[in-house]
Amino acid sequence: MSLFNHGKYHLITVILLLGLLTFLPVTVKADDGVLYREDINGDGRVTLADAIHLLINGRGNLLSPRADYNGDGRFSALDVVDLVTNIINGNLTAVPGDAFCLEIRDHPRLILAGAELEDMRARVRTTRKEIFDKLLENVDTYAAGDVNTINKNSLNVRVRKVAFAYLMTGDSTYLDVGKTYLQEAASYYNQLAGSVDVANWEVVAYRRNVAFAYDWLYNGMTTLERYYIGRDIYKAGVASVVSGASPYNGGGYGWMEARFYPALALVCDGVNDKSAKYWFEAAQRDMVKWKNVQLQVAADDGGVQSGMSYALYNYIRAPLFVFESWRSATGNDLLQDNTYLKYFTIYWMYSLRPNGELSKIDDLQSVTQKIWPWHFKYIANRYNSPESKWLAEKLEPMAYTRCWDVIWDTSDLPFEAEGPDSTWPLARHFEGIGWVAMRSGWDEDATHAIFKSGNFYYGHQHADENSFVIFKKGSLAIDSGRYEWGSDHRSNYMARTIAHNTMLLYDPDESFGGYSNDGGQTFPVEMPPFYQDLEDTRWDRGDITSFETNQWYSYACGDATNAYSASKMKLFLRQFVHLQPDAFLVFDRVEATSADYAKYWLLHTMDEPEIDGRVATITEREGRLLVRSILPEQATMSKVGGAGREFEVFGTNYPPSVSYYSLQEGEEWGAWRLEVTPDQPAEEHFFLHLMLTGDTTLEQIPEVVTEKSDGQVQASFSYREHDYAVTFNTVGQAGGRITITDSAGAVVLDQPLTEQLQPQAGIGR
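The present account deals with the structure reproduced in this document. These numbers come from a predicted model, not from an experiment.

Definitions and cut-offs
Residues numbered from 1 in each chain as written. Predicted model: local features only at pLDDT ≥ 70, side-chain atom pairs only at ≥ 80, totals over all residues. Heavy atoms only, no water. Helix = DSSP H or I, 4+ residues; strand = E, 2+ residues; numbered from the N terminus. Buried < 20%, exposed > 50% of the residue type's maximum accessible area, 1.4 Å probe, protein only. Contact = heavy atoms within 4.5 Å. Areas by Shrake-Rupley, 256 points an atom, 1.4 Å probe, with all protein chains shown as cover. Lys, Arg positive; Asp, Glu negative; His and termini not counted. Charge placed at Lys NZ, Arg CZ, Asp CG, Glu CD. Pairing = 2+ DSSP bridges. Axes fitted to C-alpha atoms, helices over the stretch in contact; angles between N-to-C directions. Parallel < 35°, antiparallel > 145°, perpendicular 65-115°, else oblique. Nonpolar A, V, L, I, M, F, W, Y, C, P; charged D, E, K, R; others polar. Salt bridge = Lys/Arg side-chain N within 4 Å of Asp/Glu carboxyl O.

Turning next to the overall build of the protein chain. In terms of regular secondary structure, the protein chain is built from 20 helices and 24 strands. Dimensions of the protein chain, computed from C-alpha atoms along their principal axes, come out at roughly 105 × 60 × 45 Å. Taking all 765 residues of the protein chain together, 59% fall into the buried category. When contacts within the protein chain are restricted to residue pairs at least 6 apart in sequence, those whose partners lie at least 24 apart make up 70%. Looking at the protein chain as shown, the accessible area adds up to about 29,600 Å², and 49% of this sits on carbon and sulfur atoms. Charge-centre separation for the protein chain: the mean point of 68 positive side chains lies 6 Å from the mean point of 102 negative side chains.

See below:
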């Protein structure tokens, strides 16, 4: 057994070697362009720094082949002796370049690299100097001495910005501050990763920003500075990495990024090449699956699962950063045909309320949340999108300029901004998520609605297929409840069918796994296990089977039969017609397996509705909605809500905990709901409702005359100096006909309600 393998002699050996090294020349041999096995620290040269690096760091780097220099399967002081001997004697071993590493760009490699980096450096001195100077005004206030006094959230932002300033200018002042910040940020990130959930907002932000800063400051750091910071990134990666997660797992900022960033930051750097390469190859496989899911969600038209709140948080930001970093590091571009990012602006503009608020669908805390304009600057740059440039310029700028505002500034793009105008369709079908967004125009007083029926991808979605929301100068028909992830309120009410404007079918014996029996849709908590076609699976919850839009109306039909237990529901079809500009007809066909199961047509409101027979009046802010219940002819319209009953599920109230999140402006909990229930039990019922929006002066809703014939029901009424006759099928495939005549009796429109999905062209296509 070698003397150097005995622990009691190790300290003496290290002391002797350190003494020996002090008498050796600083550089024994350097040969640029040739890779040597003796280049332990990976700086492209063979010097005494390699021996010191191995001596100091080898024992803490046992998974790396570089720690076992002599290849005997362990690290010992003998490795250092052998290395020093070879350096002194010039016995260096040239090795072919690692094909894997040669395909990966040297640092910097994240977002900006190669010719694009040089182009950006030129732009910040010319066409983007003004916005870059705004960033520097902020960065110039940073000082290394304040690293222990600023809060951790501020450090997280600062470390990225000062690293970007250094990357653009090469100014050593920014380098010194950046290294101090980065050392503290990497250490904190390492601690954080072991103590919070992998998708916690703070660890997600640190994971990205530490990786960006490490990469952008890399060429200004010493070998040992890189090693110690890289070691923190590696350890945080070990603590955070999630194995075997489904690509349907939210926006990817938990499972995907946990190994992506430590992999791309550290691969081939010598910190822990074995683990970094393993993570890198895993991320490479995962990205293909992830992109497939994004294309499934967005289809040909755009869309983001889980609603607008998560879209502005990380569902867009995560793939944007990951795919752009992958492209800059490897040259593999996964973004060219990615409709998830390409058409995000279209999804956002159609889904946004006319007053600029978010539409409250799925998990959303406040409708007043703001998205950072740089998201749309990026899309404008990446996809030459004039509508994205328009929206980026229209949105209120953030308080401080971010590096992304500089990197994706739109001021020097060679095309003009183009916003919505009269040529834009007044409705858009987002097939992948099952949304149809409808509006009367693009002014702030327009009527706006979203009707939805689609797949279940992830747990931030709700059990709410065939539901709708309506806005005009106020929140008139809403998704109710408060977003509290994992709370009793969410699992028993807020994410359940009873909190939405759709249909309940109440079987008193139905079980929902220990949660409340709300009479609603089942809730597939588990996400799909891997990328697959969701058609005819448990996650195929609803489908938009028909869609069309024109100057007179927009129309969609949703089939949500599969969303309910087959033991109680045979059929639930909803036909949703928006008659321009302010009227809606909603026709439902509901067939139960038993006449004993009670049916409830729901509409939720912020404030208490007024009911006069079968007509309800709903007022919120400056808007008003009148609702006329037409079918069933024998039915009761009632209201549920008020103090202690705001979130009631058949006798039990499930209020928010409030303390789970801090109260925010723009939260729309709602406190009331309309219920329309048939007076006579039957397996099949037809529901027909006319709704009219307006301002608070609106007082009257048209009378409706219905006629029934074999297999059809027709609703006739007068609206805005025209007579409407809208027919719906009551048997077979959903369909019907719409006829509009003017005051002189001339037919201005007479055509069937489509049974197809109207192709979409023009905007973004």
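There's plenty left to go through after this.
What follows covers the sheet that holds strand β11 (residues 598-605). Taken in spatial order, the four strands of this open sheet run β6-β11-β18-β15, and their pairing is antiparallel. The two strands at the open ends of the sheet, each matched to only one other strand, are β6 (503-506) and β15 (635-641). Direction aside, neighbouring strands of the sheet carry axes that sit 30 degrees apart on average.

This part takes up the packing of helix α2 (residues 48-57) against helix α3 (residues 77-89). Contact pair α2 / α3: the axes reach a minimum separation of 9 Å and the direction vectors enclose 175 degrees. When the interaxial angle is binned, α2 and α3 end up roughly antiparallel. Where α2 abuts α3, its residues Asp 50, Ala 51, Leu 54 and Leu 55 lie against Asp 79, Val 80, Leu 83 and Val 84. The residue makeup of the contact of α2 with α3, split by class, is six nonpolar, no polar and two charged.

The next subject is the pattern of salt bridges. In total, this model carries 40 salt bridges according to the counting rule given. Of the charged contacts, one joins Glu 526 and Arg 538 as a salt bridge, the two residues approaching to 3.0 Å between their closest N and O atoms. With Glu 526 in the loop between β6 and β7 (543-549) and Arg 538 in the loop between β6 and β7, the pair connects residues that are twelve residues apart, well separated along the chain. According to the relative accessible area criterion, Glu 526 is partly exposed, its value standing at 44%. Of the charged contacts in the structure, one is a salt bridge between Glu 668 and Arg 621, with a shortest N-O distance of 3.6 Å. Of this pair, Glu 668 sits in the loop between β17 (652-653) and β18 (672-678) while Arg 621 sits in the loop between β13 (615-620) and β14 (623-631), and the two are 47 residues apart along the sequence. Since its relative accessible area comes to 39%, Arg 621 is described here as partly exposed. Residues participating in the shared-partner salt-bridge network are Glu 116, Glu 324, Arg 327, Asp 333 and Arg 382.

This part is about the sheet that holds strand β12 (residues 610-612). Sheet architecture is open: eight strands sit in the order β7-β8-β9-β10-β19-β14-β13-β12, paired in antiparallel fashion. Lying at the two open borders of the sheet, with one neighbouring strand each, are β7 and β12. Sheet twist, expressed as the mean angle between neighbouring strand axes with direction ignored, is 15 degrees. Relative to strand β19 (residues 684-695), β14 runs antiparallel, the two sharing eight bridges. The partner of Val 627 across the bridge, within β19, is Met 691.

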